[in-house]
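# Per-entry structural report
One-letter residues, chain by chain:
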Amino acid sequence: MYAFEIERPSTIGDAASALGHDGAQALGGGQTLIPTLKQRLAAPEKLISLTAIPEMQGVCIGDAGEVCIGGATTHATVARETAKSYPALSGLASHIGDPAVRNRGTIGGSLANNDPSACYPAAALGSGATIVTNTRKIAADDYFQGMFTTALEPGEIITEVRFPVPQKANYQKFVQPASRFALVGVFVAKYADGVRVAVTGASEDGVFRWDAAEAALSRDFSAAAIEGLTASATNLISDLHGTPAYRAHLIKVLTKRAVMAAA
Amino acid sequence: MTQVSMTVNGKAVSGDVEGRTLLVDFLRGGLHLTGTHVGCDTSQCGACVVHVNGIAVKSCTMFASEAAGAEVRTIEGMANKDGSLSVIQAAFQEHHGLQCGFCTPGMVMSAAALLKENPKPTEHEVRAYLEGNICRCTGYHNIVKAIMAASGQDVAAIAAE
Ligand SMILES: Cc1cc2nc3c(=O)[nH]c(=O)nc-3n(C[C@H](O)[C@H](O)[C@H](O)COP(=O)(O)OP(=O)(O)OC[C@H]3O[C@@H](n4cnc5c(N)ncnc54)[C@H](O)[C@@H]3O)c2cc1C
Ligand code: FES
Ligand code: FES
């Protein structure tokens, strides 16, 4: 690692002004950033830790019944505290990486990083969540802009994530056992006004919605409803672990499993 | 350099660290507590697991300064006060839960965290909890068996010895 200093502000305001300086970067749980720093792929002068800010911690229920999660809340806390209010989200959080990763890694860090194989992007897009930052609110549909790319401006902090709670939902993760990320993951959520299907781990453009499956499942929420569909392999990731065709196959299998588990 | 203070295995300690000093380097290099191992340094293997405020973390993936003011527990703090092996450590010995021993400090710390959360885990729960602890020697069966035994459950029917 190159040398840097660390600051641990206790309010969002102090963190935002510290991040306004050139060379400053946010530090969440460090479960992605620290390995990146070790590889000298990043060279911040100053890290601004967001984990000592009480306003960014914990889970609560908002006025419209949505589940609101502080941006620096760990995966372990989300898993525990949404078990009743949003079981599909709790299930997703409880299968990220391993226990020690879940004890440090945060929802804000995961969404800011937007790894193409990460789990939370699927939950946020699949739930039509709102990403709240220190300056604005961003709809999930506008937030994800491709692999490792988001709508965040430099220095902008994810302070909270708000999830409307669906009638039924489920996340199916096909684990890539070496990395513990998703080889492919599918989040299905049924709301009163329709079904959302978000796919992670598959596309060169990062998390995306499978429109055809959403339309079919909105008409008939059953695995049979998507039997006739084929997920397109165009622009899907090709690596040592799977071809685009294999990933396309997994998308459909996991979508069906998610529907069956949710129904 | 800044000064960092924390409690390690019940003792107040402090030392100078850089921003980039990892907790594991502070423990091993600064405090000479070399029981905590670095297996991969890439957040994968769990050999470096310690408890920070009672929670299992990879000490290679946390900065020392982030543990300022915290209660840290390492493998050196796991034995009973009289120096005899704790229940978990004794179970690892009894059930041959180690061969070279390199992964063992992390395994014991993860096991202790699991049993605190879930005092009577199933075999499946033990295996799932050890997702982030890699052992190159034992094939895991005896580690799982040791942890089940440490939880006070009958292990006669579990995995081969
Ligand atoms: C072994 C292992 C297995 C893993 N398995 C999975 C998995 O199965 N699924 C999965 O989804 N993830 C997985 N991860 C990644 C893990 O979930 C990380 O915790 C997460 O991606 C990053 O969160 P963090 O809080 O650690 O962020 P950091 O590593 O601290 O930061 C990541 C990036 O986000 C920025 N950032 C951090 N917090 C904020 C914020 N609040 N606002 C704005 N920017 C911010 C940082 O500047 C940095 O650029 C795994 C990681 C490891 C090491
Ligand atoms: S040394 Fe920390 S996880 Fe391997
Ligand atoms: S006993 Fe050798 S690595 Fe586990």
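Conventions used here
Residues numbered from 1 in each chain as written. Chains lettered and ligands numbered in written order. Predicted model: local features only at pLDDT ≥ 70, side-chain atom pairs only at ≥ 80, totals over all residues. Heavy atoms only, no water. Phe/Tyr/Trp six-rings, centres within 6.5 Å; stacked < 30°, edge-to-face > 60°. Helix = DSSP H or I, 4+ residues; strand = E, 2+ residues; numbered from the N terminus. Buried < 20%, exposed > 50% of the residue type's maximum accessible area, 1.4 Å probe, protein only. Core = buried A, V, L, I, M, F, W, Y, C linked by side-chain atoms within 4.5 Å. Contact = heavy atoms within 4.5 Å. Pairing = 2+ DSSP bridges. Axes fitted to C-alpha atoms, helices over the stretch in contact; angles between N-to-C directions.

### Section: the packing of aromatic side chains
Residues and elements named next belong to chain A. One pass over the structure, following the stated rule, counts 5 aromatic pairs over all chains. Geometrically, the ring pair formed by Tyr-86 and Phe-163 is edge-to-face, given 6.2 Å between the ring centres and 80 degrees between the ring planes. Taken together, the residues Tyr-86 in the loop between helix 3 (75-81) and helix 4 (87-93) and Phe-163 in strand 8 (residues 158-163) connect sequence positions 77 residues apart. The pair Tyr-86 / Phe-163 is uniform in exposure class, with both members buried. Ring centres of Tyr-171 and Phe-187 lie 6.2 Å apart, and the angle between their planes is 35 degrees; on these two criteria the pair is classed as tilted. One end of the pair, Tyr-171, is in strand 9 (residues 168-175); the other, Phe-187, is in strand 10 (residues 182-191), with 16 residues separating them in the sequence.

### Remarks on the nonpolar core
Nonpolar side chains in soluble globular proteins tend to end up buried together. One finds Tyr-86, Leu-111, Tyr-120, Tyr-143, Phe-163 and Phe-187 of chain A to be the most contacted residues of the largest nonpolar core, which totals 38 residues. Examining the composition of this core, we find that 5 residues originate from one element, helix 7 (residues 120-126) of chain A, more than from any other. Beyond its immediate stretch of four places on either side in the chain, Tyr-143 of chain A contacts Leu-111, Ala-112, Ile-131, Ile-138, Thr-149, Thr-150, Ala-151, Leu-152 and Ile-158 of chain A. Ranked by size, the runner-up nonpolar core spans 28 residues in total, among them Cys-103, Met-109, Ala-111 and Ile-143 of chain B.

### Things to note about the sheet that holds strand 2 (residues 24-27) of chain A
All names here are of chain A. Pairing is parallel across the open sheet formed by 3 strands, whose spatial order is 1-3-2. Edge positions in the sheet fall to strand 1 (5-7) and strand 2, since each has one partner strand and no second. Pairwise comparison of adjacent strand axes, ignoring direction, gives a mean angle of 30 degrees for this sheet. Pairing geometry for strand 2 and strand 3 (residues 46-49), over 4 bridges, is parallel. Among the inter-strand pairings, Leu-27 is bridged to a residue of strand 3, identified as Ser-49.

Taken by themselves, the reported measurements are silent on function.
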